[in-house]
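Structural characterization, general
Given next are the chains, with one letter for each unit.
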Amino acid sequence: RGVKTIATVHDANVVGSIKKYDDRFGIKTLYFKKALAHTLRKATSVIFISKASRTEILGTHHLTENTTFRLIYNGFDATFGDIPTETIQEVRSKFKLEKPFFLYVGQIREHKNVLRMVEAFLKTDSEWEFVIAGNKLIIAHLTQQGSMQM
């Protein structure tokens, strides 16, 4: 084995049937599956950031007895949420966000359940708005009435 290697697995979406949105022929998905298998075989230690990823990976890959596993959740900087008031006002003005809002930032893919979040939100009588940002800078602004602005 020579060099000790630590691998961090952030998600296991290449293990199942999830296909990358820009992977028409499945080449990227195949590459990621092979790369993950190779990395896990070579790793001395594997860090998982969620129990779900750990369970899925360990259930589908046969790893060597010498490999150790650790569950370490993602952290964040304590100053992460410190945003100047003027910046908040600029963003609210730019995107016409006058009411309180829920914000989803991430990839807009089927397995992320964004549609389900929107459907659930629309069933509430909340005065809040639902803002979605992600997937190649597509920004959708959904109001309680179900209107959508792109």
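Reading the values: rules and limits
Counting of residues starts from 1 at the beginning of each chain's written sequence and follows it residue by residue. A pLDDT threshold of at least 70 governs which residues receive local features in this predicted model, and a stricter bar of 80 or more applies before side-chain atom pairs are shown or counted, although totals over entire chains, interfaces and linings include all residues. In computing side-chain properties, one takes all heavy atoms of the structure into account and sets aside hydrogens as well as water. Nonpolar cores were defined as sets of buried Ala, Val, Leu, Ile, Met, Phe, Trp, Tyr and Cys residues, with membership established by side-chain atoms within 4.5 Å. We call a residue buried when its accessible area falls under 20% of the maximum for its residue type, exposed when it is over 50%, and partly exposed in between, using a 1.4 Å probe and counting protein chains only. Runs of E in the DSSP output that reach at least two residues are strands. Runs of H or I that reach at least four are helices, and both are numbered from the N terminus. A residue's pLDDT is simply how confident the predictor is in it, with values from 0 to 100. Contacts were defined at the residue level, with two residues in contact if any of their heavy atoms lie within 4.5 Å. Any Phe, Tyr or Trp ring, taking Trp's six-membered ring, that has another such ring centre within 6.5 Å forms a pair; planes under 30 degrees apart are called stacked, those over 60 apart edge-to-face, and the others tilted.

**Focus: the nonpolar core**
Grouped together as the largest cluster of nonpolar side chains are nine residues: Ala7, Val9, Ala12, Leu36, Leu40, Ala43, Val46, Phe48 and Ile57. Elements that contribute at least two residues to this core include exactly strand S1 (6–9), helix H1 (27–42) and strand S2 (45–48).

**Side note on the environment of Trp128**
One can find Trp128 in the loop between helix H4 (114–122) and strand S5 (129–134). A C-alpha to C-alpha distance of 9.5 Å links Trp128 and Glu98, two positions 30 residues apart in sequence.

**Points about the pairing of S5**
Among the six residues in S5, six count as buried, and that is most of the element. Side-chain alternation along S5 places Glu129, Val131 and Ala133 on one buried face and Phe130, Ile132 and Gly134 on a second face that is also buried.

**Quick look at the confidence of the model for the chain**
With 79% of its residues at a pLDDT of 70 or more, the chain shows a mean pLDDT of 79. Ranking the helices and strands of the chain by mean pLDDT puts helix H3 (residues 85–94) first, with 93, and strand S6 (residues 138–142) last, with 43. In the predicted structure, residues 137–150 sits below a pLDDT of 50 and forms 39 contacts with residues beyond four places in sequence or in another chain.

**Comments concerning the packing of aromatic side chains**
Two aromatic rings are characterised by how far apart their centres lie and by the angle between their planes. Tallying each qualifying case throughout the model produces five aromatic pairs. Plain terms: the ring middles of Tyr31 and Phe32 are 5.5 Å apart, the flat faces sit at 65 degrees to each other, and that makes the pair edge-to-face. On the basis of relative accessibility, which here comes to 36%, the residue Phe32 falls in the partly exposed class. Between the aromatic rings of Phe102 and Phe121, the centroid separation amounts to 5.8 Å while the plane-to-plane angle is 80 degrees, which identifies the pairing as edge-to-face. Taken as a pair, Phe102 in strand S4 (residues 101–105) and Phe121 in helix H4 lie far apart in primary sequence, 19 residues in all. Using a relative accessible area of 6% as the deciding quantity, one classes Phe121 as buried.

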